[in-house]
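Descriptive structure summary
Each chain, letter by letter, is given below.
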Amino acid sequence: QVQLVESGGGLVQAGGSLRLSCAASGRTVNSYALGWFRQAPGKEREFVAAISWSGVSTYYANSVKGRSTISRDNGMNSVYLQMNSLKPEDTADYYCAAAETWGLPRSVVGFAFWGQGTQVTVSS
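I will try to describe carefully the structure that is included in this document. Going along each chain's sequence as written, the residues are numbered from 1 onward. A pLDDT threshold of at least 70 governs which residues receive local features in this predicted model, and a stricter bar of 80 or more applies before side-chain atom pairs are shown or counted, although totals over entire chains, interfaces and linings include all residues. Think of the side-chain values as coming from all heavy atoms in the structure, minus any hydrogens and water.

Another aspect to go through is the state of the cysteines. Criterion for a disulfide: a pair of cysteine sulfur atoms within 2.5 Å. According to the stated counting rule, one finds one disulfide in the structure shown. Bridging Cys 22 to Cys 96, the disulfide has an S-S length of 2.1 Å. Measuring the twist about the S-S bond at about -80°, one finds the Cys 22-Cys 96 disulfide to be left-handed. Here Cys 22, found in strand β3 (residues 18–25), pairs with Cys 96, found in strand β9 (residues 92–99); they are 74 residues apart in sequence, far enough to count as distant. Buried, partly exposed and exposed residues are distinguished by accessible area as a fraction of the type maximum, computed with a 1.4 Å probe on protein chains only: under 20%, between the cut-offs, and over 50%, respectively. You can call Cys 96 buried: its relative accessible area is 0%. Strands here mean DSSP runs of E at least two residues long; helices mean DSSP runs of H or I at least four residues long; both are numbered from the N terminus.

Structure, rendered in C-alpha cells:
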C-alpha cells in the first residue's frame with residue numbers, strides 16, 4: 001500500500017503563489033504516475049495535473065495550464081505542485097494521487113491511491 005500526505009495549503013491572496021507537496025510512504029513510487037486533483041465545495045473532484053513515473057511527461061488541466069508546474073523527486077518519494085497567479089476559483093481541497101502505471105492517467109478512476117487533501121483558499 002502507498003500512503004500519501006499532502007502539505008503546503010493555506011490562505012493566499014489572488015495573484016499569489018503556493019507550493020503543494022506530497023510525500024509518499026509504504027512503497028517507493030518511482031514507478032508510479034503521480035497526480036494532483038482538487039475538489040471545491042459542492043463540486044466533483046477534478047483533475048489538475050499529472051506526471052509520469054520518469055518525470056518526462058506531464059499533463060495539465062486547461063484551468064491551470066501556464067500557471068502551475070508539477071514536478072517530482074523520486075529520491076524523496078515526493079511530488080509537488082507549484083501554483084502561481086492564483087485565482088479565487090482555484091479555492092478547493094487539493095489531493096495527491098498515485099497510480100502504478102507507466103502511462104499518464106488523467107481521471108479519478110485512473111489512480112488507486114489518494115491522500116487526505118490539503119485546503120487552498122484564494123481570497124479576492
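This brings us to the pairing of β3. Here strand β1 (residues 3–7) runs beside β3; their pairing, made up of five bridges, is antiparallel. Paired with Ser 7 across the bridge in β3 is Ser 21. Being paired, for any two strands, means DSSP has found at least two bridges between them. Direction of pairing for β3 relative to strand β8 (residues 78–83): antiparallel, over a ladder of six bridges. Paired with Leu 20 across the two strands is Leu 81, which belongs to β8.

Another point: the sheet that holds β8. Paired through their backbone hydrogen bonds, the strands of a sheet run either parallel or antiparallel. Across the sheet, four strands lie side by side as β1-β3-β8-β7; this open sheet has antiparallel pairing. Each edge of the open sheet carries a strand with a single partner, namely β1 and β7 (68–73). The sheet shows a mean angle of 15° between the axes of neighbouring strands, direction not considered. The pairing of β7 with β8 spans six bridges and is classified as antiparallel. In the strand pairing of β8, Asp 73 is matched with Ser 78. Fitted lines through C-alpha atoms give the axes, limited to the stretch in contact for helices. The angle between two N-to-C directions lies from 0 to 180 degrees.

Attention shifts here to the pattern of salt bridges. The salt bridge definition used is simple: a Lys or Arg side-chain nitrogen within 4 Å of an Asp or Glu carboxyl oxygen. Counted by the stated rule, this structure contains four salt bridges. A salt bridge links Glu 100 to Arg 27; the shortest N-O distance between them is 3.9 Å. Here Arg 27 lies in the loop between β3 and β4 (33–39) and Glu 100 lies in the loop between β9 and β10 (113–114), a separation of 73 residues in the sequence. The salt bridge partner of Asp 90 is Arg 67, with a shortest N-O separation of 2.8 Å. One end of the pair, Asp 90, is in the loop between β8 and β9; the other, Arg 67, is in the loop between β6 (58–60) and β7, with 23 residues separating them in the sequence. Residue classification places Arg 67 among the buried residues on the basis of a relative accessible area of 12%. The network of salt bridges with shared partners includes Arg 38, Glu 46, Arg 67 and Asp 90.

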